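The residues making up each chain are set out below.
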Number of protein chains: 2
Amino acid sequence: MITDTQNTALAQRLTHSGLRSTPQREVVYQVVLGKRDHPTAEEVFDRVKSAMPTISLATVYNCLDALVQCGLIKQVNSVREPSRYCPNLHEHAHFHDEATGEIHDVDIPADLIARLHNLLPKGYDAVSIDLSFRGSVRALHALTDQQN
Amino acid sequence: MITDTQNTALAQRLTHSGLRSTPQREVVYQVVLGKRDHPTAEEVFDRVKSAMPTISLATVYNCLDALVQCGLIKQVNSVREPSRYCPNLHEHAHFHDEATGEIHDVDIPADLIARLHNLLPKGYDAVSIDLSFRGSVRALHALTDQQN
DNA sequence: ACTTGAACTTGGAACGATTCTAAGTCTCTT
DNA sequence: AAGAGACTTAGAATCGTTCCAAGTTCAAGT
Ligand SMILES: [Mn+2]
Ligand SMILES: [Mn+2]
Ligand SMILES: [Zn+2]
Ligand SMILES: [Zn+2]
């Protein structure tokens, strides 16, 4: 479940973006990849500290920024809450469960993405789309989470 | 362009939500309605001060919250930027122009809203959808802004 | 008309996520 | 081996927003 191919992929992406591969960036990347939730920078910080106790929160922010910049993770933001980070690179939407605070990934078919782009009037050039839902997840009798 | 019918509508909405109609709430509402941009709380504060110089920023935040709560305006949030407020009650998306910082409304046809809801797996119950684009608007030769 | 409690407003303090700063370390290049 | 950047670090600073305590207004009941 680990790291060598992932780390070479990371190194390539970073150098391709003019950035360096560092131990801190590697471990932050591993942590975000390691769990299918959407951790905040603080949560990433906590998880990283077991592997690298001397890392600083500022570095975690820097690393997350670097990973977002070179397209390896995505930043997810909601109303007045800390940013969260997502390793799912497929085009997808986010469902914010107001009861639990959890964020679930929701797939978006490619044709729908195209249709969304077509909403834009002439001259509008979108580089990114953000689709998010807010609500609650009804517990389905004897059925496990379909996402995640 | 003004206020009497709007203010009765406001008063009705507020009382219906168990809130009171106050001079501060009225003027904040008028200010948000008065311009088709998407002002921050600070910008609303600045505009309100000419009509009511003694109002406080805390009250502006409180009034905006009250108006959002009873559904008269919407709160729009982007990555690590101050919240903005929108008087457009139609279901619509937002286009964030990265060059100018402006936010433009984009209509969403009703059937598309339905299709977005259908993306959700069984058990997911969304109370709100948020669709936003980020990009730039190419100036169209001798053509004015199609929105707004 | 008075009383009374709740809702509301206000200025300033507090908060918290994020960014900045200054100093030290590491790495690539020559 | 040296120099220039890139990077990390701890702590300070930032800033949009929320909280607090005190005073004011309002609605409802008497
Ligand atoms: Mn965070
Ligand atoms: Mn604001
Ligand atoms: Zn995600
Ligand atoms: Zn809008």
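Keep in mind it's a predicted model, so treat the numbers as computed, not measured.

Conventions we followed
- Every chain is numbered on its own, with residues counted from 1 as its sequence reads.
- The order in which chains are written sets their letters, starting at A; the order in which ligands are written sets their numbers, starting at 1.
- Predicted model: local features are reported for residues with pLDDT of at least 70 only, side-chain atom pairs are reported and counted for 80 or more only, and whole-chain, interface and lining totals are derived from all residues.
- As a rule here, side-chain values cover all heavy atoms of the structure and leave hydrogens and water aside.
- Here a residue is near a molecule or strand as soon as one of its heavy atoms is found within 4 Å of it.
- Think of a polar contact as two N or O atoms within 3.5 Å of one another; within protein, one of them needs to be a possible hydrogen donor and the other a possible acceptor, and neighboring residues in sequence only count if both atoms come from side chains.
- Numbering of helices and strands starts at the N terminus; helices are DSSP runs of H or I of at least 4 residues and strands are runs of E of at least 2.
- Amino acids are sorted into nonpolar (Ala, Val, Leu, Ile, Met, Phe, Trp, Tyr, Cys and Pro), charged (Asp, Glu, Lys and Arg) and polar (every other residue, Gly among them).
- Ligating atoms shown are N, O and S within 2.8 Å of the metal, or 3.2 Å for Na, K and Ca, and water is not included, meaning a site may look less than complete.
- For each residue, the accessible area found with a 1.4 Å probe, counting protein chains only, is set against the maximum for its type, and the residue is called buried under 20%, exposed over 50%, and partly exposed in between.
- Working rule for contacts: check all heavy atoms of both residues, and any pair within 4.5 Å makes them a contact.
- Simply put, the buried area is the total loss of 1.4 Å probe accessible area from both parts when two parts are fitted together.
- Salt bridges are defined by distance alone: a side-chain nitrogen of Lys or Arg within 4 Å of a carboxyl oxygen of Asp or Glu.
- Geometry of aromatic contacts follows a simple scheme: Phe, Tyr and Trp rings, the Trp one being its six-membered ring, pair when their centres are within 6.5 Å, and the pair is stacked under 30 degrees between planes, edge-to-face over 60, tilted otherwise.
- When DSSP finds two or more bridges between two strands, those strands count as paired.
- To obtain an axis, a line is fitted to C-alpha atoms, over the contacting stretch when the element is a helix, and the angle between two such axes runs from 0 to 180 degrees between their N-to-C directions.
- Note that domain bounds follow an automatic or database assignment of domains.

Overview of the protein's contact with DNA strand C
Part 1 of the reasoning: The full set close to DNA strand C counts 17 residues, and Tyr61 of chain A together with Arg20, Thr22, Arg25 and Thr59 of chain B are the nearest of them.
Part 2 of the reasoning: In DNA strand C, atoms within 4 Å of the protein come 79% from sugar and phosphate.
Part 3 of the reasoning: Arginine 25 of chain B has a polar side-chain atom sitting 2.8 Å from a phosphate oxygen of DNA strand C.
Part 4 of the reasoning: At the level of elements, helix 4 (57–69) of chain A together with helix 2 (23–34) and helix 4 (57–69) of chain B are the ones that each hand at least two residues to the surface near DNA strand C.
Part 5 of the reasoning: Considering every element that reaches the surface near DNA strand C, the biggest residue donor is helix 4 of chain B, with three residues.
Part 6 of the reasoning: In terms of residue class, the surface near DNA strand C is made up of six nonpolar, seven polar and four charged.

Remarks on the coordination of the zinc ion (ligand 3)
Residue and element names in this part refer to chain A.
Part 1 of the reasoning: Protein-derived ligands of the zinc ion (ligand 3) are His38 (NE2), Cys86 (SG), His92 (NE2), His94 (NE2) and Asp105 (OD), with the metal-ligand distances lying across 2.1 to 2.3 Å.
Part 2 of the reasoning: Donor residues for the zinc ion (ligand 3) sit on one chain with the sequence pattern H-x47-C-x5-H-x1-H-x10-D. With histidine 38 in the loop between helix 2 (23–34) and helix 3 (41–51) and histidine 94 in strand 3 (residues 92–97), this pair connects stretches of sequence that are 56 residues apart. The pair formed by histidine 38 and histidine 94 is uniform in burial state, with each residue classed as buried.

What about the interface of chain A and chain B?
Part 1 of the reasoning: The interface is formed by 44 residues belonging to chain A together with 43 residues belonging to chain B.
Part 2 of the reasoning: Summed over both sides, the interface between chain A and chain B buries roughly 3700 Å², with carbon and sulfur atoms accounting for 58% of that surface.
Part 3 of the reasoning: Summed over the shared surface of chain A and chain B, the number is two salt bridges.
Part 4 of the reasoning: Here aspartate 111 of chain B makes a salt bridge to arginine 115 of chain A, at a shortest N to O gap of 2.8 Å.
Part 5 of the reasoning: The tally of links from chain A across to chain B stands at 14 residue pairs in polar contact (both at pLDDT 80 or more).

Focus on the protein's contact with DNA strand D
Part 1 of the reasoning: Not every one of the 18 residues close to DNA strand D is listed here, only the nearest: Arg20, Thr22 and Thr59 of chain A together with Tyr61 and Ser83 of chain B.
Part 2 of the reasoning: Protein-adjacent atoms of DNA strand D, using a 4 Å cutoff, are sugar or phosphate at a proportion of 77%.
Part 3 of the reasoning: The backbone of serine 56 of chain A places a nitrogen or oxygen atom 3.3 Å from a phosphate oxygen of DNA strand D.

Things to note about the packing of aromatic side chains
Part 1 of the reasoning: Inspection of every chain in the model, using the stated rule, returns two aromatic pairs over all chains.
Part 2 of the reasoning: Seen from their ring centres, phenylalanine 95 of chain A and tyrosine 124 of chain B are 4.7 Å apart, and the 65° between their planes marks the pair as edge-to-face. Residue phenylalanine 95 of chain A is found in strand 3, and its partner tyrosine 124 of chain B is found in strand 5 (residues 124–137); the two belong to separate chains.
Part 3 of the reasoning: We classify phenylalanine 95 of chain A as buried; its relative accessible area is 0%.

A word on the sheet that holds strand 4 (residues 103–107) of chain B
Pairing between sheet strands relies on hydrogen bonds along the backbone, with the strands arranged either parallel or antiparallel.
Part 1 of the reasoning: The mixed open sheet is built from six strands, whose spatial order is 4(A)-3(A)-5(A)-5(B)-3(B)-4(B). The sheet is open, and its two edges are formed by strand 4 (103–107) of chain A together with strand 4 of chain B, each paired on a single side. Averaged over neighbouring strand pairs, the angle between their axes works out to 30° when direction is ignored.
Part 2 of the reasoning: As paired elements, strand 3 (residues 92–97) of chain B and strand 4 of chain B share five bridges and run antiparallel to each other. Paired with histidine 92 of chain B across the bridge in strand 4 of chain B is aspartate 107 of chain B.
Part 3 of the reasoning: Of the strands in this sheet, strand 5 (124–137) of chain A together with strand 5 of chain B touch helix 5 (residues 110–117) of chain A, which is tilted by about 120° from strand 5 of chain A.

Quick notes on the pairing of strand 3 of chain B
On a regular strand, each side chain points to the face opposite its neighbour's, so the side chains alternate between the two faces of the sheet.
All names here are of chain B.
Part 1 of the reasoning: The buried fraction of strand 3 amounts to six of the six residues, a majority that puts the element mostly inside the structure.
Part 2 of the reasoning: With burial as the criterion, each face of strand 3 is covered, one bearing His92, His94 and His96 and the other bearing Ala93, Phe95 and Asp97.
Part 3 of the reasoning: Adjacent in sequence and paired antiparallel, strand 3 and strand 4 are bridged by five residues, among which glycine 101 carries a positive phi angle near 80°.
Part 4 of the reasoning: For strand 3 and strand 5, the ladder comprises four bridges, and the chain directions are parallel. Across the sheet, the residue bridging to histidine 94 is serine 132, located in strand 5.

Here we look at the pattern of salt bridges
Part 1 of the reasoning: What the rule picks out here adds up to nine salt bridges over all chains.
Part 2 of the reasoning: A salt bridge links glutamate 43 of chain B to arginine 84 of chain B; the nearest nitrogen and oxygen atoms lie 3.6 Å apart. Taken as a pair, glutamate 43 of chain B in helix 3 (residues 41–51) and arginine 84 of chain B in strand 2 (residues 84–86) lie far apart in primary sequence, 41 residues in all.
Part 3 of the reasoning: Connected through salt bridges with shared partners, the residues Lys35, Asp37 and Arg47 of chain A form a single ionic network.

Some points on the domain arrangement of chain A
Interfaces are frequently sized by the accessible area removed from exposure as the parts join.
All names here are of chain A.
Part 1 of the reasoning: On domain assignment, one finds that chain A holds domain 1 (4–85) and domain 2 (90–147).
Part 2 of the reasoning: Its C-alpha centre places domain 1 at a distance of 23 Å from the equivalent point of domain 2.
Part 3 of the reasoning: Facing the six residues of domain 1 at the interface are eight residues of domain 2.
Part 4 of the reasoning: Summing both sides of the interface, domain 1 and domain 2 together bury roughly 640 Å²; the carbon and sulfur share of this comes to 51%.
Part 5 of the reasoning: Looking at the side of domain 1 facing domain 2, the largest losses of area belong to His38, Lys74 and Val76, adding up to 61% of the total buried there.
Part 6 of the reasoning: Put simply, domain 1 and domain 2 have zero salt bridges between them.

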